[in-house]
Amino acid sequence: MVKAVVGANWGDEGKGKITDMLAEKADIIIRFQGGANAGHTIVNDYGKFALHTLPSGVFYGHTTSIIGNGVALNIPVLFEEIKSITDRDVPMPKLLVSDRAQIVMPYHILFDQYEEERLGGKSFGSTKSGIAPFYSDKYAKIGFQVSELFDEERLKEKVFRTVEMKNVLLEHLYHKPLLNSEEMLETLHGYREMIAPYVCDVSAYLDKALKENKTILLEGQLGTLKDPDHGIYPMVTSSSTLAAYGAIGAGLPPYEIKEIYTVCKAYSSAVGAGAFVSEIFGEEADELRRRGGDGGEYGATTGRPRRMGWFDCVASKYGCRLQGTTDVAFTVLDVLGYLDEIPVCVGYEIDGEVTMDFPVTAKLEKAKPVLETLPGWKCDIRGIRNYEDLPENCRKYVEFIEEQIGYPVTMISNGPSRSDIIYRESPFKK
Ligand code: GDP
């Protein structure tokens with residue numbers, strides 16, 4: 001059986017923690033999209049870790065962690081990350097890397113930087129990890145699959161051909177130093193040595209695992225609103241963030257994905273540019289940012305301060321729908337305990353009309369939030385384990401949002417650690 005953990009919004013919803021929890025009962029955990037451009041924060045018995053490439057299952061002895069074909073694989077970053085956990089006494093994880101995963105090349109990172117420089121004020125707010133140039137090359141069919149590292153003839157020919165093309169752009173568009181094909185080939189030989197022990201025909205491995213009734217967990221990065229098709233294009237990421245893409249990015253039949261846990265945070269945050277209807281500013285935003293997450297709302301990969309906002313029912317309803325949500329995991333609820341009143345965005349006003357339907361980008365940019373204010377609960381809810389024990393106003397907040405988005409909240413996270421979780425029966429029939 002296959003389960004997926006994905007985000008409903010802009011990312012940073014707390015997927016790392018929920019994945020870590022579900023991973024405890026899984027056999028295999030797979031990353032199926034994205035690269036080292038975003039990160040999960042996980043707090044466990046070994047300490048606090050920020051993972052960018054490794055699946056969240058790496059802390060368990062019983063799981064196999066897989067980098068699927070849909071991932072943008074930065075081989076040196078992966079190895080630094082393995083070292084960063086084994087240096088802190090985490091046992092070496094059982095790791096497999098798809099032979100069809102493609103490699104983030106050193107020039108992808110350069111092109112990401114150069115393009116942001118060239119765009120100046122019109123840039124996309126990229127994390128400059130090479131993700132957009134990587135996926136551009138993948139779909140332009142000039143990317144390098146892991147398997148190609150092991151075919152010297154092909155590799156050499158392709159490196160020379162690709163470098164020649166990249167150098168035209170470097171010279172004439174960016175006016176930057178040129179690449180050297182021999183050096184590039186050497187770098188790839190180094191990558192080959194690093195990755196060789198882990199290379200695997202992942203779809204065949206998963207097919208066998210499914211026949212043996214193993215539990216497989218698909219681990220998404222970012223959230224629906226960053227999906228290149230269904231998100232706030234063009235302020236999106238370059239690979240699909242939807243659970244459905246898990247079938248492709250891991251190599252499994254779509255009908256095997258039975259449970260889709262969509263993570264929603266009890267308030268909103270976003271990084272990078274793009275419309276953010278329920279955004280708040282000034283002292284109100286600073287306080288939520290300071291109190292948010294576990295030690296403040298700052299990017300796990302970049303350390304950038306996140307943009308803050310109230311919970312957005314319009315965006316979250318849409319986000320859950322596109323994911324095909326079976327369960328909502330509602331996170332970071334404890335953080336809101338300081339507020340007397342909590343505004344919630346329950347509609348968008350666009351050209352004088354109020355809608356609950358999340359619009360295309362041009363309309364989204366004109367949307368103004370319609371807010372409804374709910375009473376706060378004014379206490380610390382960490383440590384509570386039963387839903388009934390939550391303060392009444394806190395339960396009302398959860399139930400109000402559940403009603404608005406139309407998907408069942410079955411998990412509530414009220415603290416960063418693994419044990420800070422409340423399970424709840426679905427009030428809807430699934
Ligand atoms: P992800 O990319 O979706 O995994 O999100 P992040 O890594 O940015 O996680 C959000 C942050 O919130 C991390 O620092 C987590 O440790 C923390 N966190 C997760 N769940 C909770 C929660 O319920 N309460 C609090 N206070 N912090 C949480």
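Scroll up to find the structure.
From a predicted model like this one, the values you see are computed outputs, not experimental measurements. (Residues numbered from 1 in each chain as written. Predicted model: local features only at pLDDT ≥ 70, side-chain atom pairs only at ≥ 80, totals over all residues. Heavy atoms only, no water.)

Colleague: Could you give me a rundown of the site of the ligand, with the residues and numbers involved?
Modeller: Near the ligand lie 20 residues; those nearest to it are Lys15, Gly16, Thr41, Asp334 and Ser413. Contacts to the ligand include Glu13, whose backbone N or O atom sits 3.1 Å from an oxygen atom. Here an oxygen atom of the ligand sits 3.1 Å away from a polar atom, N or O, in the side chain of Arg306. Ranked by residues supplied to the shell around the ligand, first place goes to helix H1 (residues 15–23) with three residues. Its residues assigned to classes, the shell around the ligand shows three nonpolar, nine polar and eight charged. (Near = heavy atom within 4 Å. Polar contact = N/O pair within 3.5 Å; in protein donor to acceptor, adjacent residues only side chain to side chain. Helix = DSSP H or I, 4+ residues; strand = E, 2+ residues; numbered from the N terminus. Nonpolar A, V, L, I, M, F, W, Y, C, P; charged D, E, K, R; others polar.)

Colleague: Any chance you could break down the nonpolar core for me, citing the residues and the numbers?
Modeller: Ranked by internal contacts, the top residues of the largest apolar core, which has 39 residues, are Phe330, Leu333 and Tyr397. Listed by contribution, the elements that provide at least two residues to this core are helix H9 (282–291), helix H10 (313–323), strand E16 (327–331), strand E17 (341–350), helix H12 (392–405) and strand E20 (409–413). Apart from residues no more than four positions distant in its own chain, Leu333 is found in contact with Ala266, Trp377, Ile381, Cys394, Tyr397, Val398, Ile412 and Ser413. In terms of nonpolar packing, the next biggest core, distinct from the first, is built from 37 residues, Val90, Ala101, Tyr114 and Tyr191 among them. (Core = buried A, V, L, I, M, F, W, Y, C linked by side-chain atoms within 4.5 Å. Buried < 20%, exposed > 50% of the residue type's maximum accessible area, 1.4 Å probe, protein only. Contact = heavy atoms within 4.5 Å.)

Colleague: If you had to explain the sheet that holds strand E1 (residues 2–7) to someone new, which residues and values would you point to?
Modeller: With respect to topology, 10 strands assemble into an open sheet ordered E9-E7-E5-E2-E10-E1-E11-E16-E20-E21, the strand pairing being mixed. Each of the sheet's edge strands pairs with one partner strand only, and the pair in question is strand E9 (199–200) and strand E21 (421–423). Where strand E7 (residues 94–98) lies against E9, two bridges are found, and the strand directions are parallel. Within E9, the position partnered with Val97 by the bridge is Val199. Contacting E1, strand E11 (257–265) and E16, H10 runs over the sheet at an angle of about 160° to E11. (Pairing = 2+ DSSP bridges. Axes fitted to C-alpha atoms, helices over the stretch in contact; angles between N-to-C directions.)

Colleague: Run through the environment of Gly296, naming residues and quoting values.
Modeller: Mapped onto the elements of the fold, Gly296 is located in the loop between H9 and strand E14 (307–309). Considering only alpha carbons, one finds Gly296 and Asp286, 10 residues apart in sequence, at a separation of 9.6 Å. Those residues in contact with Gly296 that lie beyond four places of it in its chain are Arg289 and Arg290.

Worth remembering: the numbers are spatial, not functional.
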